[in-house]
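Results of the structural survey
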Amino acid sequence: MVQFDKLNILIFEEYFLLSDALSKMLEILGMGRIYKATTRSDAQNTLYRGFKGSHISHFDFAIIDLAPPNNHGLDLLQWLRNHENKDLRYLPVILTTNDTREKVVLTGRDFGAHEILVKPYSAHNVSRRILTLINKPRPFIQSPDYKGPDRRRRAETFEGKDRRKLSINDIEIIDERLSA
Amino acid sequence: MSVYQHKVQIIYGANKLKMKLLGRHNMQDVTFPPYAIRRAERELSNHDPFIIDQEMKSLVFSTISIWSNLKESREKRKQTHVLMTLHTYTNRILDLSLFCSFTLMTHFTQSLKIFLEHVDLDNPAHIVIIQAHVDVMDLAHQNKILTFNAPQAQHLKHTLQRAIEQNSD
């Protein structure tokens, strides 16, 4: 029996009704402590305080709403991906949105979200995204243009002309698995 | 010669989530018990109709009031601020409509949300288009025509469509 109650989650959703519904759903799925932040600053403070070691030891992942029209969710994601604390920088994030347009989904991906979840929430969709975070982790990419999980989900061979500008000398592979 | 000043780092981290759930050496895939997913699904669809109705009423009322405020405002800076508030409320109604499967209200708010992204308040045609959205949303809520299953739903949808077509460039 997997004890999902060991996982602590932060939800950033400005609309209380959805935040409550999502939190209730996660509770039923057996998750541990759930913190509901309705403002970006509350989310930032709580994520940081958690990692500083106060009432919540740390968060294992975050579910962040895009929060249009100001897109505070993207700001929060950007803050995480550029954070000096490694645990915050690598924090798995599920980005939620009520917008199905491709440009919105691609923006979320390019800001470093691990998973994108289009509303309405369903227990099936939410649980699937969480299981992907747990079962299919991807390496973290840190480059001048992008910080986040590897955007390629499949390793495929390519037959055409190699147009990559990077050479092998530009890439540094860091394996932190053994030191964990 | 490389075009990149900084190296690209590919970091393979430990799977901390799985380690926390299963311990250091057990890497089997985890799943949720199906009964928990079913229960969570039931809980999600089990919302109180009275609370939802009150919430929708309050959101639509606020939207109408914000819109009327915006129409009266002549100051550019205030207009930008009020427009953001209108956008926020449109999003809330969209979220609520998606949550409750109010398909017609979802259609109206999705349309308004996209329109607001490029709206020009100095263009009288744009004012008419927003007004048409606000009117159909108000009518839909007052007459409980929230889904496409309702008999007058198509009529409201076409009314909005006509207003958009007649006022588009």
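One can find the structure itself at the top, above this paragraph.
Reference entry: report on the structure contained in this document. Position labels on residues start from 1 in each chain and follow its written sequence. Whichever chain is written first becomes A and whichever ligand is written first becomes 1, with later ones labelled in order. Only residues with pLDDT of 70 or above have their local features reported here, since the model is predicted, and side-chain atom pairs are shown and tallied only from 80 upward, although totals for entire chains, interfaces and linings are computed over all residues. To obtain the side-chain values, all non-hydrogen atoms of the structure were used and water was disregarded.

**As for empty space enclosed by the protein**
For clarity, the cut-off: In the cavity and pocket records, a cavity denotes points on a 1 Å grid over the protein atoms alone where a 1.4 Å probe fits but cannot get out, a pocket denotes an open set with protein on both sides within 12 Å along at least 5 of 7 lines, and lining residues are residues with an atom within 4 Å of a point. Grid points are joined across faces, edges and corners, and a volume is the space filled by probe spheres set on the points. Only runs of H or I of at least four residues qualify as helices and only runs of E of at least two qualify as strands under DSSP, and these elements are numbered from the N terminus.
Inspection of every chain in the model, using the stated rule, returns 2 cavities of 30 Å³ or more. Empty space within the largest cavity amounts to approximately 80 Å³. Around the largest cavity, the lining residues are E13, E14, Y15, D65, A67, P68 and N98 of chain A together with T88, N91, R92 and D95 of chain B. Top element by residues in the lining of the largest cavity is helix α4 (residues 76-99) of chain B. It accounts for 4 residues.

**A few points about the sheet that holds strand β7 (residues 147-149) of chain A**
For clarity, the threshold we go by: Whether two strands pair comes down to DSSP finding at least two bridges between them. Helix axes are fitted only over the stretch in contact, all axes being lines through C-alpha atoms; the angle between N-to-C directions runs from 0 to 180 degrees.
Spatial strand order, β7(A)-β6(A)-β1(B)-β8(A): 4 strands in an open sheet with mixed pairing. The outermost strands of the open sheet, each flanked by one partner alone, are β7 and β8 (171-175) of chain A. Across this sheet, the average inter-strand angle for adjacent strands is 20°, counted without regard to direction. Pairing geometry for strand β6 (residues 140-142) of chain A and strand β1 (residues 8-12) of chain B, over 3 bridges, is antiparallel. Residue pairing for β1 of chain B: Q142 of chain A is matched across the bridge by Q9 of chain B.

**Overview of the side chain of T97 of chain A**
As a reminder, the rule being used: Residues are treated as being in contact if the distance between any of their heavy atoms lies within 4.5 Å.
Within the secondary structure, T97 of chain A is located in strand β4 (residues 93-97). When near neighbours in sequence (up to four residues on either side) are disregarded, T97 of chain A contacts D65, L66, V104, I116, L117, V118 and K119 of chain A.

**Examining the nonpolar core**
Side chains of nonpolar character tend, in soluble globular proteins, to be buried together. Here is the rule: Note on terminology: a nonpolar core comprises buried Ala, Val, Leu, Ile, Met, Phe, Trp, Tyr and Cys residues joined through side-chain atoms within 4.5 Å. Throughout this description, buried means an accessible area under 20% of the type-specific maximum (1.4 Å probe, protein chains only), exposed means over 50%, and partly exposed covers the range between.
Within the largest apolar cluster, 72 residues are counted, with the highest numbers of intra-cluster contacts made by F4, L26, F61 and I130 of chain A together with M105, F108 and I130 of chain B. In this structure, F61 of chain A is in contact with L7, N8, I9, L10, L91, P92, I94, I130 and L133 of chain A together with L17 of chain B, ignoring residues within four places of it in sequence. Formed by 21 residues, the second largest nonpolar core is a distinct cluster that contains L77, L88, L91 and V93 of chain A.

**A word on the pairing of β4 of chain A**
All names here are of chain A. Counted only if it meets this: Crossovers are marked right-handed if the path from the first strand over the helix to the second runs clockwise, as seen with the strands pointing away from the viewer.
Most of β4 sits out of view: 5 of its 5 residues are buried. Here β4 shows a buried face lined by V93, L95 and T97 and a second buried face lined by I94 and T96. Sheet topology places strand β3 (residues 61-65) next to β4; 4 bridges connect them, and they run parallel. Across the sheet, residue A62 finds its bridge partner in β4, namely V93. In this fold, β4 hands off to helix α5 (residues 102-110), which returns the chain to strand β5 (residues 115-118); that crossover is right-handed.

**Quick look at the interface of chain A and chain B**
To keep it simple, the criterion reads: Two parts placed together each lose some accessible area under a 1.4 Å probe, and the buried area is that loss summed for both. Salt bridges are identified by distance alone: a Lys or Arg side-chain nitrogen within 4 Å of an Asp or Glu carboxyl oxygen.
Contact residues are listed per partner, giving 64 residues for chain A and 50 residues for chain B. Across the interface of chain A and chain B, roughly 5,500 Å² is buried in total on both sides, 63% from carbon and sulfur atoms. At the boundary of chain A with chain B, the tally comes to 6 salt bridges. D87 of chain A serves as the salt-bridge partner of K16 of chain B, at 2.9 Å between the closest nitrogen and oxygen.

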